[in-house]
Amino acid sequence: MRARVQELFAGMRDEGRSLATRKGVFTVLLLLPVLYPTLVSLLYLQREAVERPTVVIDEDNSALSRELLLHLDASQNVRVVGRPESMDRAFEELRLGRAEMLVRIPEDFSRSIKRGRQGKVAVWVSSANMYTYGLAALGLSNTVLDLNQELGIEGLASRGVARRVAARRVLPIAWDERPLFHPTASYGDFVVTGILLVVIQQIVLMSLAHSVGWQREEDDLRPSHHPFAHLSGKALVHLGFYFAAIALIVFVLFPWFGWPAKSPWAVFALFSALAVAMIPAAILVATLVKDRFVAFQILLFFSVPLFLLSGFSWPLSHMPGYVQAFAWLFPATPALQAMRVLSMKAAGLSSVAHLIGILVLQWAAWSAVAYAVARRRWPKPPPEAAPAADRSSFSGFFDLSRSSLERRPS
Amino acid sequence: MRAFARHYLQQLLQLVQTRKLRLLLFLFLGSCALTGEIYRERVVRDLPVAVVDFDGSRTSRTLRLFLEATPELRLVEGGPSSLAEAEAQLVDGRLAGLVVLPASLSTDLKHGRKARVLVAVDMSNILVGRTTYRAIAKVVSTVAAGAELSYLGKTGVPKQRALAAVFPVSTDERLSFNPAGSYALYMAPSIAFFFLNLLLMVLAGLPFLPPAPAPAQMPLSPAGLAGRFAALWTAGMAAGLGLAYGLLPFDGLTNRSGAGLLALSLAAFIAADLLLALALQAVVPSKTLAFQASLLLGVLSLMLSGATFPVDAFPAPFQSLSSLLPFTAFSRGLRLFFNQPTSIAEMAPMFGQLAGQAALFAGAAAAAWAARQGFAALARRPA
């Protein structure tokens with residue numbers, strides 16, 4: 001046990017020395033946590049896309065069609081950007097992405113309604129982007145619903161029903177909408193908190209792999225009989241930077257950009273729990289990488305799949321069973337699910353206790369794997385030089401070697 | 001020409017023989033396959049919804065029946081016994097929505113008063129929340145229309161006219177480019193080709209980073225560099241075509257515009273993307289920093305492309321940055337030609353944009369290279 005503790009301190013000292021000489025590691029530890037979350041926050045600053053561009057062809061050109069288009073243009077989700085002279089031109093606008101919705105009002109629209117028939121409006125909506133499709137389609141359906149209510153009241157009034165009574169008889173069941181936990185339903189608030197959590201995950205994975213990869217590149221790895229303890233020591237040095245990055249994100253960027261967090265301290269605790277849970281995985285990756293570039297090259301392919309797998313955007317229950325099982329192997333899954341609760345639903349960590357429990361289990365499982373792989377893959381010191389190397393590594397740090405303890409006065 | 005061919009072959013051999021690059025290819029393919037599997041169900045359905053029915057009338061039973069019959073929703077058996085329990089279930093995600101039918105629902109309808117139902121939806125996931133809300137709103141408005149129809153019948157409006165009286169304006173909605181509203185078609189191809197974009201950014205660093213000849217020690221001639229980038233372009237094409245015709249069809253995602261258009265689009269996109277990485281290498285003084293910058297741009301390119309959040313909602317500087325990235329033009333084009341038959345002429349704007357970007361990046365790389373040569377010549381000149 002003592003040897004392992006000594007190796008932990010040796011790892012810390014080794015990392016301190018490495019950071020002092022290899023300044024590039026600071027790019028990952030300092031620049032990335034500042035730059036990436038700020039860029040992402042700026043990107044989603046508007047939070048919600050509004051006024052989706054719409055083109056209209058009004059062949060009726062009646063008072064009613066103009067009223068419909070006026071209401072449509074006045075809705076938050078839709079903006080009429082053009083009135084092409086032909087359907088071909090209108091489709092061209094859709095194809096080029098200059099418009100996302102095309103509304104065509106036929107020439108008999110108003111006449112049909114006056115004669116007691118339905119007036120049919122043809123609509124083409126681009127569903128290449130389902131998010132903007134949802135916005136544009138909702139804008140149109142709300143406008144048409146309101147117009148139908150208005151016309152329904154007028155229709156009843158024309159039959160002698162009092163307007164007050166008619167208003168109650170038209171669509172007689174109304175609904176009170178309660179969008180819980182996230183009343184604005186904005187895309188930015190929904191997605192950014194998750195992305196910021198993934199940024200921390202990537203920093204934990206990349207920084208250690210980058211540092212160890214660089215040492216390996218320069219043949220500067222310290223052989224050890226207890227590589228897991230050694231690498232844990234290196235990771236502990238980085239942990240201080242992770243906490244600083246997390247504090248920056250939670251206590252500066254969150255309030256600055258207004259990202260939702262019921263309790264900043266609970267969110268800070270969750271980010272920290274993820275950083276700690278990722279350390280064994282980072283040790284595993286660091287054991288395997290050959291040089292500093294591999295860390296970037298390989299780990300790039302993890303952030304997006306892990307984000308998608310977590311069920312943060314697409315529900316986990318809608319994935320095949322084996323994909324769901326695979327998702328629960330990674331700390332990102334419970335962390336992102338807990339993030340959604342803590343950012344929007346509840347302030348206390350007790351509401352995500354089961355997810356934190358899963359993080360602890362994952363930490364233990366990844367530690368076991370990392371321990372086994374590191375023992376096998378990490379360079380061992382030559383048998384005769386091992387004790388000397390262990391002792392020498394502690395000179396000037398916490399000297400816990402047997403000889404130093406024996407020298408102390410009782 | 002000989003230098004071009006030698007470096008072309010060397011680069012291809014490095015791609016095939018290096019274990020790290022084989023792992024990279026495996027990760028690329030694995031990520032693409034996983035994305036396809038994640039969106040296998042294509043649409044959101046069977047979202048758990050509970051009904052708290054204080055009315056117990058025929059109307060409330062009709063509402064329950066209609067909610068149950070909606071594909072997007074699944075009525076939870078039993079349901080919560082109190083509003084506090086319903087709230088707890090909404091917090092822990094067991095419920096996506098809650099419909100509360102008040103005791104006065106049918107009485108209000110019979111007495112000609114507006115009846116009100118409460119619809120509470122968990123909006124913490126906007127995809128789930130919006131789908132649930134839309135489905136519930138549709139059911140409630142359908143039942144409301146039914147109630148209005150029966151009232152109109154009683155006032156003597158003929159049946160064939162009643163529907164037009166309830167819904168004077170009807171919309172005939174057609175979905176373009178993704179007729180089934182499939183999330184798989186919306187997300188999977190964009191994300192898969194985003195992974196190709198990442199792969200290209202990683203590969204573009206190979207001619208400059210160890211163990212390849214780093215320019216500091218062994219400067220590559222322009223022909224040698226062109227040979228290496230031509231090899232990377234070939235590898236990118238193979239990966240892109242493999243993706244479109246090997247992996248994506250597994251999940252039912254097939255290219256609808258013919259191989260010629262796809263190959264041409266890929267060729268233009270990959271060339272522009274590699275030239276972007278080359279320009280960064282030429283302009284940024286440190287090779288490592290240039291590599292990291294290209295990776296950062298690569299990672300951000302999915303968000304910047306507008307594939308998820310529209311570009312017009314970004315702040316103006318990001319809109320400009322987005323228009324400079326080849327992946328933005330390609331992903332916009334991809335959503336058109338991958339989902340519906342499109343001709344090459346119709347894709348002219350995408351090709352124009354990619355050609356412009358390629359010219360800009362090549363020009364920047366050449367200018368930076370010439371400037372560096374000039375400075376080196378000046379430095380060599382005796383004082």
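First, a word on scope: everything that follows refers to the structure included in this document. (Residues numbered from 1 in each chain as written. Chains lettered and ligands numbered in written order. Predicted model: local features only at pLDDT ≥ 70, side-chain atom pairs only at ≥ 80, totals over all residues. Heavy atoms only, no water.)

1. Comments concerning the overall build of chain A
- When its secondary structure is counted, chain A shows 16 helices and five strands.
- Computed over the C-alpha atoms, the radius of gyration of chain A is 31 Å, more than 25% above the 22 Å expected from 2.2 N^0.38 for a compact globule of 410 residues.
- Of all 410 residues assigned to chain A, the portion counted as buried reaches 57%.
- Across chain A, the fraction of contacts at a sequence separation of at least 24, relative to all contacts at a separation of at least 6, is 79%.
- For chain A, the exposed surface amounts to about 16800 Å²; the carbon and sulfur share of it is 61%.
- Treating the 42 positive side-chain charges of chain A as one cloud and the 32 negative ones as another, the clouds have centres 7 Å apart. (Helix = DSSP H or I, 4+ residues; strand = E, 2+ residues; numbered from the N terminus. Rg over C-alpha atoms; globule rule 2.2 N^0.38 Å. Buried < 20%, exposed > 50% of the residue type's maximum accessible area, 1.4 Å probe, protein only. Contact = heavy atoms within 4.5 Å. Areas by Shrake-Rupley, 256 points an atom, 1.4 Å probe, with all protein chains shown as cover. Lys, Arg positive; Asp, Glu negative; His and termini not counted. Charge placed at Lys NZ, Arg CZ, Asp CG, Glu CD.)

2. What to know about helix H6 (residues 126-154) of chain B
All names here are of chain B.
- Relative to the 42 Å expected for 29 residues at 1.5 Å per residue, H6 spans 42 Å between its end C-alpha atoms, a close match to the ideal helical length.
- For H6, the capping residue at the N-terminal end is Asn125, with a side-chain oxygen 3.0 Å from the backbone nitrogen of Leu127.
- The positive-phi residue at the C-terminal boundary of H6 is Gly156, with phi of around 95 degrees. (Expected span 1.5 Å × (residues − 1). Polar contact = N/O pair within 3.5 Å; in protein donor to acceptor, adjacent residues only side chain to side chain.)

3. What about the sheet that holds strand E2 (residues 73-75) of chain B?
- A sheet is described by the order of its strands in space; here five strands give the open sequence E5(A)-E4(B)-E3(B)-E1(B)-E2(B), paired in mixed fashion. Where the open sheet ends on each side, the last strands, each with one partner, are strand E5 (173-180) of chain A together with E2 of chain B. For this sheet, the mean angle separating the axes of adjacent strands, direction not counted, is 25 degrees.
- Two strands pair when backbone bridges link them, and strand E3 (residues 97-101) of chain B and strand E4 (residues 115-122) of chain B are joined in this way by four bridges, in the antiparallel orientation. If you follow Gly97 of chain B over to E4 of chain B, its bridge partner there is Val121 of chain B.
- Set on the sheet, helix H3 (residues 58-69) of chain B makes contact with E5 of chain A together with strand E1 (47-53), E2, E3 and E4 of chain B; between it and E2 of chain B the angle comes to about 130 degrees. (Pairing = 2+ DSSP bridges. Axes fitted to C-alpha atoms, helices over the stretch in contact; angles between N-to-C directions.)

4. Some words on the side chain of Arg340 of chain A
- Mapped onto the elements, Arg340 of chain A comes out in helix H13 (residues 332-345).
- Of the side chains bearing the opposite charge, Asp122 of chain B lies closest to the buried Arg340 of chain A, which forms no salt bridge; the N-O distance is 6.3 Å.
- The residues touching Arg340 of chain A, leaving out its near neighbours within four places in the chain, are Phe190, Gly311, Phe312, Ser313 and Lys345 of chain A together with Ser124 and Asn125 of chain B. (Salt bridge = Lys/Arg side-chain N within 4 Å of Asp/Glu carboxyl O.)

5. Let's talk about a nonpolar patch on the surface
Residues and elements named next belong to chain A.
- On the surface, a cluster of nonpolar side chains totalling about 490 Å² of accessible area is made up of Phe251, Val252, Trp256 and Trp265.
- Here the nonpolar patch gets three residues from one element, more than from any other, and that element is helix H9 (residues 227-257).
- Inspection of the secondary structure puts Phe251 in helix H9.
- What makes Phe251 partly exposed here is its relative accessible area of 31%. (Patch = residues over 30% accessible without salt bridge, like charges linked within 9 Å, V, L, I, M, F, W, Y side chains within 5 Å.)

6. Focus: the interface of chain B and chain A
- The interface is formed by 110 residues belonging to chain B together with 102 residues belonging to chain A.
- Across the chain B to chain A interface the summed buried area is about 9900 Å²; carbon plus sulfur atoms make up 67%.
- Across the chain B-chain A interface, the total number found is six salt bridges.
- Among the ionic pairs, Asp312 of chain B bridges to Arg52 of chain A, the shortest N-O distance being 2.8 Å.
- Per-element tally for the side of chain B that touches chain A: the top contributor is H6 of chain B, with 16 residues. (Buried area = accessible area lost by both parts, 1.4 Å probe.)

7. Quick word on the sheet that holds strand E4 (residues 119-126) of chain A
- Overall, mixed pairing links the five strands, which are arranged E2(A)-E1(A)-E3(A)-E4(A)-E5(B) in an open sheet. The open sheet has two free edges, formed respectively by strand E2 (78-82) of chain A together with strand E5 (169-176) of chain B, since each of these has just one partner strand. On average, each strand axis in the sheet is tilted by 30 degrees relative to the strand beside it, whichever way the strands run.
- Where E4 of chain A meets E5 of chain B, eight bridges bridge the pair, whose relative direction is parallel.

8. Examining the pairing of strand E1 (residues 52-58) of chain A
All names here are of chain A.
- With respect to burial, E1 is a largely interior element, seven of its seven residues being buried.
- Of the two faces of E1, both are covered, the one formed by Arg52, Thr54, Val56 and Asp58 as well as the one formed by Pro53, Val55 and Ile57.
- Handedness of the crossover is the feature at issue here: the chain leaves E1, passes through helix H3 (residues 63-74), returns alongside E2, and the resulting connection is right-handed.
- Sheet topology places E1 next to strand E3 (residues 101-105); five bridges connect them, and they run parallel. By the bridge assignment, Asp58 is partnered in E3 with Ile105. (Right-handed = clockwise from strand over helix to strand, strands pointing away.)

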